[in-house]
Amino acid sequence: DVSSPKHGKVDPLNMPHVGGNMWAGGTGGRDTAGLGGKGGPYRLDAGHRVYQVSQAEKDAVPEEVKRAAREMGEKAFKQRLKEIQMSEYDASTYERFSGAVRRQVQSLRIILDNLQ
């Protein structure tokens, strides 16, 4: 069951964590920032293979937990914008321009990685 969203502990060795309710950047877990889980406040990619919980499990998260996760994610987003001295308007403008060329940038990254 999900209880309340949180960032989670940071693993100093960046080991892959699957499931559970403890590690930031894990996959398929609950309540913590990561990928493929349920009830976490925001997505956090630690570079590991993603294990996905079912959509039915995600849909079963209580509304108050979803609301708390959204609020925590919004707070973290605003804090990050403040850290990089960017306004919400700047962020939306950046996202608009970035989104327009996202596929091309990804293709270029793949080509450059293969050349290396």
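The rules we used
- Residues numbered from 1 in each chain as written.
- Predicted model: local features only at pLDDT ≥ 70, side-chain atom pairs only at ≥ 80, totals over all residues.
- Heavy atoms only, no water.
- Helix = DSSP H or I, 4+ residues; strand = E, 2+ residues; numbered from the N terminus.
- Expected span 1.5 Å × (residues − 1).
- Buried < 20%, exposed > 50% of the residue type's maximum accessible area, 1.4 Å probe, protein only.
- Arc of directions from axis to C-beta.
- Lys, Arg positive; Asp, Glu negative; His and termini not counted.
- Salt bridge = Lys/Arg side-chain N within 4 Å of Asp/Glu carboxyl O.
- Polar contact = N/O pair within 3.5 Å; in protein donor to acceptor, adjacent residues only side chain to side chain.
- Contact = heavy atoms within 4.5 Å.
- Domains from an automatic or database assignment.

**Observations concerning helix α2 (residues 63–83)**
With 21 residues, α2 should reach 30 Å at 1.5 Å per residue; the first-to-last C-alpha distance of 30 Å fits that figure. The set of residues buried in α2 consists of Val65, Ala69, Gly73 and Leu81. Taken around the axis of α2, the buried residues stretch over an arc of 140°, which confines them to a single face. Exposed residues pointing more than 90 degrees away from the buried face of α2 are listed as Glu64, Glu71, Lys75 and Lys82.

**Here's the deal with the side chain of aspartate 11**
Tracing the backbone through its elements, the reader meets aspartate 11 in the segment before β1 (26–27). Here aspartate 11 occupies a buried position and makes no salt bridge, while the nearest side chain of opposite charge, lysine 9, is found at 11 Å. Within the local environment of aspartate 11, its side chain forms a polar contact with the backbone nitrogen of leucine 13, the two atoms lying 2.8 Å apart. Separated by 3.2 Å, the side chain of aspartate 11 and the backbone nitrogen of methionine 15 make a polar contact. Excluding anything up to four places from it in sequence, aspartate 11 contacts His17 and Trp23.

**Overview of the domain arrangement of the protein**
Under the domain assignment, the protein is made up of domain 1 (1–85) and domain 2 (88–115). For domain 1 and domain 2, the distance between their C-alpha centres works out to 24 Å.

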